[in-house]
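Each chain, written out:
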Amino acid sequence: MYPSRAEIDLGAIRNNVRLVLDHTGVQVMAVVKANGYGHGAVPVARAALEAGATWCGIATVDEAIELRRAGVDCPALLLGFVPPERVEEAIANHVAMATWDIEHVRAASSAAGRTGETARLHLLVDTGMSRLGVQPQEALQLARRLSDAPGVLLEGVWTHFARADVRDPTPTAAQERSFRDVLQSLDAGGIRPPLVHAANSAASLTRPSAHFDLVRLGIAMYGLHPSPECPLLPGFQPALAWKTLLSQVKWLPPGRGVSYGHTYTTRTRERIGTVPVGYNDGFRRVEGNQVLVGRRRVPVLGRVTMDQIMVQLDAVPEAKVLDEVVLIGAQGEASITAEDVAQRWGTINYEVTCAIGTRVPRLHLNG
Ligand SMILES: Cc1ncc(COP(=O)(O)O)c(C=O)c1O
């Protein structure tokens with residue numbers, strides 16, 4: 001086994017799903033795209049469903065097929081683009097699709113005819129994310145054409161918020177208003193899709209008016225804060241810890257350069273540890289990284305290499321080969337969160353866990 005591993009506490013996933021079910025009182029879609037934000041899509045999906053989630057959300061047909069092959073047979077929604085040649089596969093795997101244009105509706109209708117299955121579509125309205133979706137003023141017309149297409153069921157209508165994780169509710173309120181106007185126009189046209197959904201984690205936590213029939217829960221399910229301005233409520237637990245060990249420990253004399261480019265030079269006689277994790281594992285090649293050794297934060301010295309880093313062990317003289325090194329998680333009282341790492345890397349916690357490399361084994365605990 002490769003010596004760096006991500007440990008995922010499925011008990012934390014279940015706990016977090018239950019908290020959101022209690023908080024919102026509506027259905028929960030477990031968003032497990034991108035390999036469950038790096039946590040492992042299948043085990044996370046199973047844990048979320050066990051805790052009461054009723055849907056899974058994925059981004060690609062391959063992600064949907066991974067769930068189905070593993071026997072995860074809950075209702076599932078493809079949140080992203082499905083290339084025309086893969087529409088039939090999505091339908092055959094009983095996965096609903098986001099839709100926003102008539103070409104896709106036609107492709108779904110003819111694929112439904114070929115497979116003898118119903119194509120379930122969720123009309124995505126672009127109320128301000130400007131990513132995918134039909135413009136609000138065109139939604140009714142598309143919904144009508146969709147309703148008339150054979151073999152196609154308008155199962156849902158939905159939108160996605162761009163700024164639900166900021167303190168100022170104004171932009172999200174404007175998106176919600178635009179979405180409600182669309183719902184009203186559909187209703188007036190006699191079109192009432194059974195599932196209406198809009199909220200991501202941030203809106204699930206902060207905006208009851210946007211809960212509708214279902215919330216699409218990603219980052220909070222993993223026990224990670226939607227943003228510094230939108231923290232989790234008490235009780236959520238981070239699910240992921242990223243751990244490794246010391247592969248070598250040595251004394252170096254003063255004046256020795258460390259790692260490529262010798263950007264660090266020892267000042268005195270220094271105790272240096274080598275750790276088998278690098279940028280190929282998703283440990284970013286930037287200055288200022290820290291890890292936990294012997295329940296203390298210690299600095300990474302010199303450049304991060306593809307598979308290895310060096311750390312300064314002067315503060316932990318007792319450290320020895322095979323001792324645990326924590327990259328994300330806790331060691332005694334000390335901890336490094338995904339948010340700490342994100343801040344250091346100038347990014348968001350989402351990217352930190354999604355980027356943990358494919359060669360890092362995921363160890364699922366408390367399944
Ligand atoms: C369409 C859609 N819905 C829901 C989510 C979940 O968002 P979050 O992780 O902020 O809860 C995402 C994630 O990016 C998404 O793309």
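Residues numbered from 1 in each chain as written. Predicted model: local features only at pLDDT ≥ 70, side-chain atom pairs only at ≥ 80, totals over all residues. Heavy atoms only, no water.

## Focus on the overall build of the protein
Consideration 1: Tallying secondary structure elements over the protein gives 11 helices and 20 strands in all.
Consideration 2: Based on the C-alpha atoms only, the size of the protein along its principal axes is roughly 80 × 45 × 35 Å.
Consideration 3: Buried positions account for 53% of the 367 residues belonging to the protein.
Consideration 4: Considering only intrachain contacts with a sequence separation of at least 6, the fraction spanning at least 24 residues in the protein is 67%. (Helix = DSSP H or I, 4+ residues; strand = E, 2+ residues; numbered from the N terminus. Buried < 20%, exposed > 50% of the residue type's maximum accessible area, 1.4 Å probe, protein only. Contact = heavy atoms within 4.5 Å.)

## Some words on the site of the ligand
Consideration 1: Residues in close proximity to the ligand include Lys33, Tyr37, Arg131, Trp158, His160, Asn200, Ser201, Arg216, Gly218, Ile219 and Tyr350, which together make up its full environment.
Consideration 2: A distance of 2.5 Å is found between an oxygen atom of the ligand and a side-chain nitrogen or oxygen belonging to Ser201.
Consideration 3: Interatomic distance of 2.8 Å between a backbone N/O atom of Ile219 and an oxygen atom of the ligand.
Consideration 4: When isolated, the ligand has an accessible area of 390 Å², and the protein chains bury 91% of it.
Consideration 5: Residues that form the shell around the ligand fall into these classes: 4 nonpolar, 4 polar and 3 charged. (Near = heavy atom within 4 Å. Polar contact = N/O pair within 3.5 Å; in protein donor to acceptor, adjacent residues only side chain to side chain. Areas by Shrake-Rupley, 256 points an atom, 1.4 Å probe, with all protein chains shown as cover. Nonpolar A, V, L, I, M, F, W, Y, C, P; charged D, E, K, R; others polar.)

## Concerning the domain arrangement of the protein
Consideration 1: Along its sequence, the protein is carved into domain 1 (10-222) and domain 2 (240-336).
Consideration 2: Distance from the C-alpha centre of domain 1 to the C-alpha centre of domain 2: 42 Å. (Domains from an automatic or database assignment.)

## Observations concerning the side chain of His39
Consideration 1: Looking at the element boundaries, His39 is found in the loop between α2 (33-37) and α3 (41-50).
Consideration 2: The class of His39 is buried, set by a relative accessible area of 0%.

## Some points on unusual backbone geometry
Consideration 1: The backbone phi angle of Tyr37 is positive, close to 50°, even though this residue is not glycine.
Consideration 2: Residue placement: Tyr37 occurs in helix α2.
Consideration 3: The backbone of Asn366 sits at a positive phi, close to 60°, despite the residue not being glycine.
Consideration 4: Along the chain, Asn366 turns up in the segment after β20 (362-365).

## Some details on the environment of Gly38
Consideration 1: The residue Gly38 is located in the loop between α2 and α3 in this model.
Consideration 2: Given the relative accessible area of 2%, Gly38 is considered buried.
Consideration 3: Measuring from C-alpha to C-alpha, the distance between Gly38 and Tyr350 comes to 8.9 Å, with 312 residues separating the pair along the chain.
Consideration 4: Those residues within four positions of Gly38 in sequence are excluded, and the remaining contacts are Leu240, Thr353, Cys354 and Arg362.

## A closer look at the nonpolar core
Consideration 1: If you look at the biggest cluster of nonpolar residues, it comprises 123 residues, and the most contacted ones within it are Ile13, Val32, Met221, Phe283 and Val291.
Consideration 2: Broken down by element, the residue count for this core peaks at 6 residues, all from α3.
Consideration 3: Counting contributing residues, this core receives three or more from each of domain 1 (10-222) and domain 2 (240-336).
Consideration 4: Apart from the residues lying within four places of it in its own chain, the contact partners of Met221 are Ala12, Ile13, Asn16, Val17, Ala30, Val31, Val32, Val44 and Ala48. (Core = buried A, V, L, I, M, F, W, Y, C linked by side-chain atoms within 4.5 Å.)

## Here's the deal with the side chain of Arg216
Consideration 1: Following the sequence through the fold, Arg216 ends up in strand β9 (residues 214-217).
Consideration 2: Here the side chain of Arg216 touches His197 through a polar contact of 3.0 Å, side chain to side chain.

## Considerations on the pairing of strand β14 (residues 270-275)
Consideration 1: Counting buried residues along β14, 6 of its 6 residues qualify, which places the element largely inside the surrounding structure.
Consideration 2: Along β14, one buried face is formed by Glu270, Ile272 and Thr274 and the opposite face, lined by Arg271, Gly273 and Val275, is buried too.
Consideration 3: Summarising the sheet, β14 and strand β17 (residues 309-312) pair through 4 bridges and their orientation is antiparallel. In the strand pairing of β17, Val275 is matched with Ile309. (Pairing = 2+ DSSP bridges.)

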